[in-house]
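Listed below are the residues making up each chain.
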Amino acid sequence: MFQPLFLITFFTGTFIGFRFVLAYLRVKEETNKRALVLSISFLVIQLMCGWIIDLVGLIEPATLIVSVILFAFVLRRVLILKLWQLIAIPIVVSMISTLFMALTFMLAIRLFGPTGVN
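Conventions we followed
- Residues numbered from 1 in each chain as written.
- Predicted model: local features only at pLDDT ≥ 70, side-chain atom pairs only at ≥ 80, totals over all residues.
- Heavy atoms only, no water.
- Helix = DSSP H or I, 4+ residues; strand = E, 2+ residues; numbered from the N terminus.
- Buried < 20%, exposed > 50% of the residue type's maximum accessible area, 1.4 Å probe, protein only.
- Contact = heavy atoms within 4.5 Å.
- Areas by Shrake-Rupley, 256 points an atom, 1.4 Å probe, with all protein chains shown as cover.
- Lys, Arg positive; Asp, Glu negative; His and termini not counted.
- Charge placed at Lys NZ, Arg CZ, Asp CG, Glu CD.
- Core = buried A, V, L, I, M, F, W, Y, C linked by side-chain atoms within 4.5 Å.

What follows is about the overall build of the protein. Helices and strands together make up the secondary structure of the protein, namely 4 helices and 0 strands. The linear arrangement of helices and strands in the protein, starting from the amino end, is α-α-α-α. Considering only C-alpha atoms, the protein reaches an extent of 45 × 40 × 20 Å along its principal axes. Taking all 118 residues of the protein together, the buried fraction comes to 36%. Pairs at least 24 residues apart make up 62% of the contacts formed inside the protein by residues separated by at least 6 positions. For the protein, the computed accessible surface area is about 8,000 Å², with 74% contributed by carbon and sulfur atoms. Across the protein, 9 positive and 4 negative side-chain charges occur, with their mean positions spaced 11 Å apart.

Structure (structure tokens):
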């Protein structure tokens, strides 16, 4: 139960994070489509960076740094943003996604007990 729940909550949290960011930036056209494309591309970049960093044997913060830099290039093609926004958006979306995932897991542990989450 843990892996499907992890994937669903991580994707949902990322999608909600990008919807929040797009609403903050006052993007009105195709918000759901843009949030979906940004969520998928962000998760793919994070997956690739995590795999490469693990393969090379570097520490975990390197994944965040590399994924923020790579995702800044993707954001630059999709949205017209300032430099601080390019750096802040992936970090804020990661925080929102992690918060959503933590709340979901706390609820799952509360409902099913600690053994039902494994």
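Core analysis: the biggest nonpolar cluster contains 17 residues, and F18, L38, F71, L75, L79 and I89 have the highest contact counts within it. Only α1 (2-24), α2 (31-56), α3 (61-78) and α4 (83-112) provide two or more residues apiece to this core. Sorting elements by how many residues they give to this core places α2 first, with 5 residues. Apart from the residues lying within four places of it in its own chain, the contact partners of L38 are F18, L22, F71, L75, V78 and L79. Judged by nonpolar contacts, the second largest core, of 6 residues, contains F10, L43, F105 and A108.

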